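# A closer look at the structure
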Amino acid sequence: MQIHEIIRTRRTALGLTQEQLAGKLGVSAPAVNKWERGNSYPDITLLPVLARTLRVDLNTLLSFREDLTETEIAEFLNRLYEVSRTEGCGAAFSLAEEKLRQFPNSDALAYSAAGLLEGLLTLFPGTDETARPGREDFVAGLYEQAAQSADPKIREWATYTVASRCIARGDLDRAEALLDQISNTHRDKRELLSALRRKQGRTEEAWTLLERELFDRAHGIQTTLLSLIEMAQAEGDRQRGPGLLRRRPAGGRGPGPERLRSAVRPLPAGGGGAGRPGGAGPAGPAAA
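Note that the structure is predicted; figures quoted are calculated from it, not measured.

To continue, consider the overall build of the protein. When helices and strands are counted, the protein shows 15 helices and zero strands. Across the 288 residues of the protein, 34% fall into the buried class. In the structure as shown, the protein presents an accessible area of about 17100 Å², 52% of it carried by carbon and sulfur atoms.

Core analysis: the largest hydrophobic core is formed by 40 residues, its most contacted members being Leu 80, Leu 109, Leu 117, Val 139, Leu 142, Leu 179 and Leu 196. Looking at this core, the elements that each hand over two or more residues are helix 6 (70-87), helix 7 (89-102), helix 8 (107-123), helix 9 (132-146), helix 10 (152-169), helix 11 (172-181) and helix 12 (189-199). Beyond its immediate chain neighbours, meaning those up to four positions away, Leu 109 contacts Leu 68, Ile 73, Phe 76, Lys 99, Leu 100 and Phe 103. If you look at the next biggest cluster of nonpolar residues, it comprises 15 residues, including Ile 6, Leu 21, Ala 22 and Leu 54.

All right, on to the packing of helix 2 (residues 18-25) against helix 4 (residues 47-54) then. Think of two packed helices as two axes; the pair is described by the angle between the axes and how far apart they sit. Their axes nearest at 10 Å, the elements helix 2 and helix 4 cross at an angle of 130°. Comparing the axis directions of helix 2 and helix 4 gives the class oblique. In the packing of helix 2 onto helix 4, the handedness of the crossing is right-handed. Contacts between helix 2 and helix 4 pair Leu 21, Lys 24 and Leu 25 from the former with Val 49, Leu 50, Thr 53 and Leu 54 from the latter.

Where helix 11 meets helix 12, the axes come as close as 11 Å, and the angle between the chain directions of the two elements is 155°. What the angle tells us is that helix 11 and helix 12 run roughly antiparallel. Crossing hand, helix 11 versus helix 12: left-handed. Contacts between helix 11 and helix 12 involve Leu 172, Ala 175, Glu 176 and Leu 179 on the former and, on the latter, Lys 189, Leu 192, Leu 193, Leu 196, Arg 197 and Lys 199. Per-class residue counts for the contact of helix 11 with helix 12 are six nonpolar, no polar and four charged.

In this section: unusual backbone geometry. Residue Arg 55 is not a glycine yet carries a positive backbone phi of 60°. Its relative accessible area of 66% is what places Arg 55 among the exposed residues.

Our next topic: the packing of aromatic side chains. Following the criterion strictly, the structure yields three aromatic pairs and no others. Ring plane angle 35° and centroid distance 6.1 Å describe the contact between Tyr 111 and Trp 157, whose orientation is recorded as tilted. Pair noted here: Tyr 111 is in helix 8 and Trp 157 is in helix 10, with a separation of 46 residues, a long-range link. With a relative accessible area of 22%, Tyr 111 lands in the partly exposed category. By relative accessible area, which is 44% here, Trp 157 ends up partly exposed. A network of ring pairs unites the aromatic residues Tyr 111, Tyr 143 and Trp 157 as a single cluster.

To continue, consider the confidence of the model for the protein. On average, residues of the protein score 83 in pLDDT, and 80% of them are at 70 or above. Highest mean pLDDT in the protein belongs to helix 11 (97); lowest belongs to helix 15 (residues 257-263) (46). This model gives residues 247-255 a pLDDT under 50, and the stretch forms seven contacts once residues within four places in sequence are excluded. Per-residue pLDDT stays below 50 along residues 259-288; that stretch engages in 52 contacts with residues further than four places along the chain or on separate chains.

To continue, consider the pattern of salt bridges. The full count for this structure, using the stated rule, is 13 salt bridges. Here Arg 165 ties to Glu 118 by a salt bridge, and the two come within 2.5 Å at their closest N and O atoms. Linking Arg 165 in helix 10 with Glu 118 in helix 8, this pair joins segments that are 47 residues apart in sequence. In this structure Glu 118 comes out as partly exposed when scored by relative accessible area, which is 28%. A salt bridge links Arg 197 to Glu 176, with the shortest nitrogen-to-oxygen separation between them at 3.0 Å. Residue Arg 197 is located in helix 12, and its partner Glu 176 is located in helix 11; the two are separated by 21 residues in the primary sequence. Counted as one network, the salt bridges with shared partners bring together Asp 188, Arg 190, Glu 191, Glu 213, Asp 216 and Arg 217.

The next point concerns helix 4. Within helix 4, the full set of buried residues consists of Leu 47, Leu 50, Ala 51, Thr 53 and Leu 54. Burial along helix 4 is one-sided: seen end-on, the buried residues are contained in an arc of 165°. Among the structural elements, helix 1 (3-13), helix 2 and helix 5 (58-61) are those in contact with the buried residues of helix 4. With its phi angle positive at about 60°, Arg 55 sits one or two positions after the end of helix 4.

Definitions and cut-offs
All residue numbers refer to positions counted from 1 along the written sequence of the respective chain. The predicted origin of the model limits local features to residues at a pLDDT of at least 70 and limits the giving and counting of side-chain atom pairs to 80 or more, whereas totals for whole chains, interfaces and linings rest on all residues. Heavy atoms from the whole structure form the basis of all side-chain values; hydrogens and water molecules are not counted. Helix numbers and strand numbers start at the N terminus; a helix is a DSSP run of H or I with at least 4 residues, a strand a run of E with at least 2. A 1.4 Å probe rolled over the protein chains alone gives each residue an accessible area, and that area as a share of the maximum for its type sets the label: buried under 20%, exposed over 50%, partly exposed in between. A 1.4 Å probe and the Shrake-Rupley method give the accessible areas. Residues count as covered only by the protein chains that appear here. Buried residues of nine kinds, namely Ala, Val, Leu, Ile, Met, Phe, Trp, Tyr and Cys, make up a nonpolar core once their side-chain atoms join them within 4.5 Å. Whether two residues are in contact is decided by their heavy atoms, any of which lying within 4.5 Å being enough. Note on method: axes are straight lines fitted to C-alpha atoms, helices fitted across the in-contact stretch only, with angles between N-to-C directions ranging 0 to 180 degrees. Oblique is the label for every angle not falling under 35 degrees (roughly parallel), over 145 degrees (roughly antiparallel), or within 65 to 115 degrees (roughly perpendicular). Crossing handedness follows the turn of the near helix against the far one: under a right angle anticlockwise gives a left-handed crossing, and clockwise gives a right-handed one. Following the grouping adopted for this structure description, the nonpolar residues are Ala, Val, Leu, Ile, Met, Phe, Trp, Tyr, Cys and Pro, the charged ones are Asp, Glu, Lys and Arg, and the polar ones are all others, Gly among them. Side-chain rings of Phe, Tyr and Trp, where Trp is taken by its six-membered ring, are said to pair if the distance between their centres is within 6.5 Å; with planes under 30 degrees apart they count as stacked, over 60 as edge-to-face, and otherwise as tilted. pLDDT: the predictor's confidence for each residue, scored from 0 to 100. Just to be clear on terms, a salt bridge is a Lys or Arg side-chain nitrogen sitting within 4 Å of an Asp or Glu carboxyl oxygen. Think of the arc as the fan of directions from the helix axis to the C-beta atoms.

Written as structure tokens, this is what we have:
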């Protein structure tokens, strides 16, 4: 909320009339009325006593915050998109620039706005071509800001995005350095690293990385499926069990969940490789 809204909200919450608030501050009731309508502002010397009277601190009274909540960012992104539809891409960029000036340290806002603005440039490719390079630079700057964030999640998301953009434009050395900064637990790091290796001409390594990614994802699906089968068996509810449970031979013969689970083994370091074009052995270091 802005200062005029805070004054009005706090005054009414405390059960004060405009006349009563004016009396406590030594000003006229019309002056308070103007403050609450946003037509004028309290004198700077009145701010401390006004804050005490309204039982808020000065930061709250002046609406001073360094960041936005996730809900506020989501609401702003919705507004940004609607503005792009009704007023055009340029108006959306202007609105984003204004908001980012208000919250220059909000890395979450910078990263989220960059993603939406980049999407708008894709949706409206032929709009105002003379302004497009500047807008692309603005988006790139937001990603770079977020990649330096003190928030590890935002920093990692942004670093991944910047690395991906580096690969796309052929800046492979910087992409390599950025990928080194990303945690090995990042779910998409291996695929991006594979794209980099392919750009570098290291096709065997790229293939191995994708093989391991495929195996890990398949392993996760199988583990989840086996858990569902075990749950259905424990509850005696075959209607909810997946197709594998219904297709087991009569009498319960055939591999059960425990046997199937024991058959699932991690891919050895270096990753399989049989059937890969160009050779059967692993062609590089194990993936992250």
